[in-house]
Amino acid sequence: TNAQTVLNRIKPLAQANAASQQELDTATANERNTAAAVSAAKAMLEQAKLNLGYTTIKAPMSGYVDQSKIDVGTYVAAGANGLLTTMYQNDPIYVNFTFSENERLARQNAIASGKLMTPKDGKYEVELILADGSAFSRKGTIDFIAPFIDPTNGTITYRAVLDNSDHKLLPGQFVIVRVKGMEWKNTQYLPQKTVLSGEKGKFVYVVEANNTVSPRPVTVGAWVGENIVIEGGLTGDEKIAADALPKLKPGAPVI
């Protein structure tokens, strides 16, 4: 401000030849130098504000904070990559689950054969079953499907997103995921308890005309509630044994 005042006073004097050109040049240079110094000081101030902002750690999201890794008052060197703490976002919350390659191929084959119908809008509903067997009150949707198969375990990773505003679900919690939206057409169902496992795979006991049972290999698909889809091995006209299954043997009579 002082340099600007001096320059403003010298200019009319120089025009009236009451001050020399050298005095005008000196006042002009001084005003420009001090203006540059002010600009530099403002830049230094902004840099100081920026540096000061780095001393305040703000959470990038809403969620829960784990225990602190560095206590207040601990000396931290510039450039150190020390972990302060870990944050967990819990609303909305993401649920990761997988399908095996075999399951994927079975679904594709069922869709191609017309036995399995996909949702018209392509949207699937995700339901969670908690550890105590109860269902989570809100449903979710799938928001990510991995574009590749994990070579280490042969699975495809899916991710669902759910509203968790009541914070009932916690990060790291294990749940059972049910994906709803597909519909089976002209498909045979059997109670899960009637399908047994043997050395050669899955089988059921068919009640023959003489009221004895014989094992019949079957190909099974997805579980639907308490039932399981039978994809092959039966015509649909057979009588299937459903009681005392552990005691049954081929040729055993039934009442």
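Residues numbered from 1 in each chain as written. Predicted model: local features only at pLDDT ≥ 70, side-chain atom pairs only at ≥ 80, totals over all residues. Heavy atoms only, no water.

Asker: Even after reading the chapter, I still don't get the overall build of the protein, so can you show me in this structure?
Answerer: Summing up its helical and strand segments, the protein has three helices and 16 strands in all. Projecting the C-alpha coordinates of the protein onto the three principal axes gives extents of approximately 135 × 45 × 35 Å. Per-residue burial over the protein gives 22% buried out of 255 residues. Sequence-distant contacts in the protein: of pairs separated by 6 or more residues, those separated by 24 or more amount to 61%. Accessible surface computed for the protein: about 18100 Å², of which carbon and sulfur atoms make up 54%. With 26 positive and 25 negative side-chain charges, the protein shows a separation of 2 Å between the mean positions of the two kinds. (Helix = DSSP H or I, 4+ residues; strand = E, 2+ residues; numbered from the N terminus. Buried < 20%, exposed > 50% of the residue type's maximum accessible area, 1.4 Å probe, protein only. Contact = heavy atoms within 4.5 Å. Areas by Shrake-Rupley, 256 points an atom, 1.4 Å probe, with all protein chains shown as cover. Lys, Arg positive; Asp, Glu negative; His and termini not counted. Charge placed at Lys NZ, Arg CZ, Asp CG, Glu CD.)

Asker: Can you help me understand helix H1 (residues 2-15) in this one?
Answerer: In a regular helix each residue adds 1.5 Å, so 14 residues correspond to 20 Å; H1 covers 21 Å between its end C-alpha atoms and thus fits that length. Residues of H1 that are buried include every one of Ala3, Leu7, Ile10 and Ala14, and no others. Taken down its axis, H1 places every buried residue within 70° of arc, on the same side. Where the residues of H1 are buried, they touch helix H2 (21-53). Looking one or two residues past H1, asparagine 17 carries a phi angle of roughly 60°, positive in sign. (Expected span 1.5 Å × (residues − 1). Arc of directions from axis to C-beta.)

Asker: Looking at this structure, I do not really get a nonpolar patch on the surface. What am I missing?
Answerer: A cluster of nonpolar side chains, Tyr64, Tyr88 and Leu170, forms an exposed patch at the surface whose accessible area comes to about 290 Å². With respect to the helices and strands, the residue tyrosine 64 is situated in strand E1 (residues 64-65). Classification of tyrosine 64 as partly exposed rests on a relative accessible area of 40%. (Patch = residues over 30% accessible without salt bridge, like charges linked within 9 Å, V, L, I, M, F, W, Y side chains within 5 Å. Salt bridge = Lys/Arg side-chain N within 4 Å of Asp/Glu carboxyl O.)

Asker: Any chance you could explain the packing of aromatic side chains here in plain terms?
Answerer: One pair of aromatic rings is described through two measures. These are the centre distance and the angle between the planes. With the rule as written, the count across this model stands at four aromatic pairs. Ring centres 5.2 Å apart and planes at 85° place the aromatic pair phenylalanine 99 and tyrosine 158 in the edge-to-face group. Here phenylalanine 99 is found in strand E3 (residues 93-100), whereas its partner tyrosine 158 is found in strand E7 (residues 155-162), with 59 residues between them in sequence. In this structure tyrosine 158 comes out as buried when scored by relative accessible area, which is 15%. Aromatic ring contacts, followed pair by pair, group Phe97, Phe99 and Tyr158 into a single cluster. Above the ring of tyrosine 94, the side-chain terminus of arginine 159 is found at 4.1 Å from the ring centroid. (Phe/Tyr/Trp six-rings, centres within 6.5 Å; stacked < 30°, edge-to-face > 60°. Lys NZ or Arg CZ within 6 Å of the ring centre and 35° of its normal.)

Asker: Would you mind going over the environment of glutamine 192 with me for this structure?
Answerer: Note that glutamine 192 resides in the loop between strand E10 (188-191) and strand E11 (196-198). Along the sequence, glutamine 192 and valine 224 sit 32 residues apart, while their C-alpha atoms lie 9.3 Å from each other. Sequence-distant contacts of glutamine 192, defined by excluding residues within four places in its chain, comprise Trp223, Gly225, Glu226, Asn227 and Ile228.

Asker: Looking at this model, I keep getting lost on helix H3 (residues 101-112). Mind explaining?
Answerer: With twelve residues, H3 should cover 16 Å at 1.5 Å per step; its first-to-last C-alpha distance of 16 Å lies within 8% of that length. Directly beyond the C-terminal end of H3, a positive phi value near 85° is found at glycine 114.

Asker: Looking at this structure, how should I read the environment of asparagine 186?
Answerer: Turning to its location among the elements, asparagine 186 is positioned in the loop between strand E9 (183-184) and E10. We classify asparagine 186 as exposed; its relative accessible area is 82%. Each C-alpha atom of the pair asparagine 186 and glycine 122 lies 21 Å from the other, and the pair is 64 residues apart in sequence.

Asker: What is the right way to look at the sheet that holds E10 in this model?
Answerer: The strands making up a sheet associate through backbone hydrogen bonding, with each pair oriented either parallel or antiparallel. Spatially, E10-E15-E14 is the arrangement adopted by the three strands of the open sheet, whose pairing is antiparallel. The sheet terminates laterally at E10 and strand E14 (219-224), the two strands that pair on one side only. The average undirected angle you get between the axes of adjacent strands in this sheet is 35°. (Pairing = 2+ DSSP bridges. Axes fitted to C-alpha atoms, helices over the stretch in contact; angles between N-to-C directions.)

Asker: Would you mind going over the pattern of salt bridges with me for this structure?
Answerer: A pair can form between side chains of opposite charge whenever their charged atoms are brought close. In total, this model carries nine salt bridges according to the counting rule given. Residue glutamate 127 pairs with arginine 178 through a salt bridge whose shortest N-O separation is 3.8 Å. Within this pair, whereas glutamate 127 is found in strand E5 (residues 125-129), its partner arginine 178 is found in strand E8 (residues 176-180), the two being separated by 51 residues in sequence. Residue glutamate 127 is classed as buried on the basis of its relative accessible area of 9%.

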